[in-house]
Structures are given as structure tokens and as C-alpha cells.
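Structural overview
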Amino acid sequence: MEPRSKLLDATVGALAAGALSALKRMDRKRTANFAGALMRRLGPLFPEHRLGRANLRAAFADKSAPEIEQILDGVWDNLGRIAVEFAHLDEFSVAGSGPLTPNVITYAPETAERYRRLVQSGKPVLCFAAHLANWELPAVAGKLLGARTALLYRRPNIRPISDLIVKLREPLMGELVPTGLAAPVQLARLLQSGAHVGMLADQHFTRGVEVIFFGRRCIANPLIALLARQTGCPIHGVRVVRQPDGNSFSGQITEAVEPVRDAAGRVDIAGTMQAVTAVIEGWVREHPEQWLWLHRRWR
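Basis of the calculations
- Every chain begins its residue count from 1, and numbering advances along the sequence as written.
- The model is predicted, so local features are restricted to residues of pLDDT at least 70 and side-chain atom pairs to those at 80 or more, both for listing and for counting; the totals for chains, interfaces and linings are taken over all residues.
- Neither water nor hydrogens contribute to the side-chain values; these are computed over all heavy atoms in the structure.
- Helix and strand definitions here come from DSSP, where helices need a minimum of 4 consecutive H or I residues and strands a minimum of 2 consecutive E residues; each element is numbered from the N-terminal end.
- A carboxyl oxygen of Asp or Glu within 4 Å of a side-chain nitrogen of Lys or Arg is what we treat as a salt bridge.
- Three labels apply to residues, based on accessible area from a 1.4 Å probe with only protein chains included: buried if under 20% of the type maximum, exposed if over 50%, partly exposed otherwise in between.
- The nonpolar core is taken to be a set of buried Ala, Val, Leu, Ile, Met, Phe, Trp, Tyr and Cys residues, with the residues joined through side-chain atoms within 4.5 Å.
- Working rule for contacts: check all heavy atoms of both residues, and any pair within 4.5 Å makes them a contact.
- Working rule for helices: expected span equals 1.5 Å times residues minus one.
- If DSSP finds at least two bridges between two strands, the strands pair.
- Interaxial angle, 0 to 180 degrees, is taken between N-to-C directions of lines fitted to C-alpha atoms, where a helix line uses only the stretch in contact.
- Pairing of aromatic rings covers Phe, Tyr and the six-membered ring of Trp, with a centre-to-centre limit of 6.5 Å; geometry is then stacked below 30 degrees between planes, edge-to-face above 60, and tilted otherwise.
- Two conditions define a charge located above a ring, namely a distance within 6 Å from the ring centre to NZ of Lys or CZ of Arg, and an angle within 35 degrees of the ring normal.

Description of unusual backbone geometry
Positive phi values are uncommon outside glycine, yet Ala133 reaches one of about 50°. Take Ala133: it is sitting in the loop between strand S3 (126–129) and helix H6 (137–144). Of note, the phi angle at Phe214 is positive, near 55°, even though the residue is not glycine. With respect to the secondary-structure elements, Phe214 resides in the loop between strand S7 (204–213) and strand S8 (216–220).

Listed below in C-alpha cells is the structure:
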């Protein structure tokens, strides 16, 4: 049974590598346009579409049924584009930093200045992102801007795919730290050594803390708040926004999100995670069609 499982995993890994190689040879924008249109048609056939509809109805009680379906169309379109963009992450550049490519992530002047200050300060920073637009790109941009970076990531169950992801991502995004019992210690050491540490903060986490997101209770991973308490590092939110053409992006980094503190002056974990969640909710309200409504955020 075990050899068969290894053979299956190896086969799936080879197919994934072949698919990425094929996508890499195609024109990114034309292929992404096709994949987005295809997923708009196929997405409603999946059970996740019903889950997304239920999530949106609960979050936006004031929106009509056609408005909800329009948002879901955008969600599927976004996912189709991400699948193509994953093969082209090494082709992106950042405006005002290094040589430009045809795929440029732009920044408003105040955001560019904020990035510059943080990178040049030489001090470590904690960054959170969310499943918005292409959520791989904030990490790519951070590395392109000259920061020494490390990312928390969830290792896929299929080993060859996990190895492929590390091989593709690490040169573009910095050191990858898999989730697990050792991750908090490893990330704390990286922060103490001066690295900027990033993670997604909008997923369900069974052993997390309760927060309110779109008026509903859910569980958030408290790791970024715990690291802020332990190290004293500031917390910033990072995101990219997909532009109306579907193929270009603008980036943003927030001012420091002030941690909530308890009576003794220590970082309050639940309160700080609520502050982080509030920033993410604001982002999602701006561009609901770019967030991943298709997972069970509320349980």
C-alpha cells in the first residue's frame, strides 16, 4: 500500500510540475484571461459555490441575489487567474525598485515611502496578509524591495508538490517555514536575527482565539500577536489589489497596527487579533470579489 501511495504522489507531483512548465511557456495575460473566463463557467458547478453564496449572504445582508452572484463570478475569475500567475511569479517586478519587467506591481507614493523606511531601518517587522487577489505577490514584492524575508506556509500533503512549491517560492519569497509545533520558535529566531516575517491571517485555526469578522464569531490564529508580544516587533498589513484589467496589481502596506494591551501593558492576544481582523475585513469590503469566500471561515 505504501509503495502505491508513493507512486501516486510522485505521479501527481510530476503532473503538477508539467502543468506549471506548460503554463510558463504561455503568455500570462492571455492565458489568465482564458482561465478566469473558464472558472466563471465552471465554478458554479462546485459545492464551494453554495458555501460562498451562504457566506456572502450572511456577510452582506443588504446585497441582492444578483449582486451576490456577481461577486462569486469575480471570486472564480480571480482563482482562475491565480492558477496561471503562479507559474509566472518570477516575472513580476516592483515600480521604483530594480529593473522593470512587463509585469509591474505599482505602489502609491506614500506606500512606497513606507516600504522604503521599513526596509532601510534594518529592524524586523511582522506582516500579515489575506487571501485577496493574488496572495503570493505581497511576499514576492517584499523580497524585490530588498527585505530579508521569511514566510509561514502550510505544507501540502503530497511531498513532491510540497518540494516543488518550496523550490519555486523560496528564491522569490525568502525562507519558508512550515506550520507545526516548531514554527513559533523558528519564526521568533528569524525575527531576532533581523528578518521580516509574514503570514496569512484569515484562516480558521482550531486552537486559536475568537474574533468577530463581518459580525460573526470565528477563530483566528494568534501567532502574529504572540510573536509581537515576545519580540516587540511592529505589525503591518500587506496586500495587493487586482486592477480592473484583471492582470495588473497595486500594492499596499499599512501603518503599524497598534497592538491592544492588557492592564499590565503586555500585548493582549485576543484584542490584537481583533485589530488585525478588522483591517482584513476592511480590505474585503473594498474588493469582496477578490477574497476567497469559498472556504469555511465561520464554523
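Remarks on the pattern of salt bridges
Scanning the entire structure with this criterion turns up 13 salt bridges. Across the pair Asp90 and Lys24 runs a salt bridge whose closest N-O atoms are separated by 2.5 Å. In this pair, Asp90 sits in the loop between helix H4 (65–85) and strand S1 (92–94) while Lys24 sits in helix H1 (residues 2–24), placing the two residues 66 residues apart along the sequence. The exposure class assigned to Lys24 is partly exposed, which follows from its relative accessible area of 31%. With a closest N to O distance of 2.7 Å, Arg81 and Asp77 form a salt bridge. Pair noted here: Arg81 and Asp77 are both in helix H4, with a separation of four residues, about one helical turn. Take Arg81: its relative accessible area is 7%, and that puts it in the buried class. Among the residues examined, Asp77 registers a relative accessible area of 11% and is labelled buried. One salt-bridge network, held together by shared partners, links Lys24, Asp90 and Glu91.

Considerations on the nonpolar core
Counting residues in each nonpolar core, the largest one holds 52 residues, and the members touching the most others are Leu126, Phe128, Leu187, Ile280 and Trp293. Those residues in contact with Trp293 that sit more than four places away from it in its chain are Leu51, Gly52, Asn55, Leu56, Ala59, Phe60, Ile71, Val75, Phe214, Val284, Pro288 and Trp298. Judged by nonpolar contacts, the second largest core, of 33 residues, contains Val84, Tyr115, Leu118 and Leu137.

Focus on helix H7 (residues 159–173)
Here H7 is 15 residues long and its end C-alpha atoms lie 20 Å apart, about the 21 Å a rise of 1.5 Å per residue gives. Residue Gly174 follows H7 closely and has a positive phi angle near 100°.

A look at the sheet that holds strand S4 (residues 149–153)
Strand order in the open sheet made by the eight strands is S1-S2-S10-S9-S3-S6-S4-S5, with mixed pairing throughout. If you trace the sheet from one side to the other, it starts and ends with S1 and strand S5 (175–178), each paired once. Across the sheet, the mean angle separating the axes of adjacent strands is 30° when strand polarity is ignored. The strands that helix H8 (residues 183–192) touches are S3, S4, S5 and strand S6 (196–200); relative to S5, the one it contacts most, it runs at about 155°.

What to know about the side chain of Asn134
Checked against the element boundaries, Asn134 lands in the loop between S3 and H6. Of the residues examined, Asn134 reaches a relative accessible area of 0% and is grouped as buried. Leaving out residues up to four positions away in the same chain, Asn134 has contacts with Ile82, Glu85, Leu89, Val240, Arg242 and Phe249.

Considering the packing of aromatic side chains
Remark: the centre distance and the inter-plane angle together describe each pair of aromatic rings, the angle taken between the planes. Counted under the stated rule, the structure contains 13 aromatic pairs. With 6.0 Å between their ring centres and 65° between their planes, Phe92 and Phe249 make a pair best called edge-to-face. Linking Phe92 in strand S1 with Phe249 in strand S10 (residues 249–253), this pair joins segments that are 157 residues apart in sequence. An aromatic cluster is present here, built from Phe60, Phe213, Phe214, Trp291, Trp293 and Trp298 joined pairwise through their rings. Over the ring of Phe60 we find Lys63, and its NZ or CZ is 5.2 Å from the ring centre. Here the guanidinium or amino end of Arg216 rests over the ring plane of Trp298, the centre of that ring lying 4.3 Å away.

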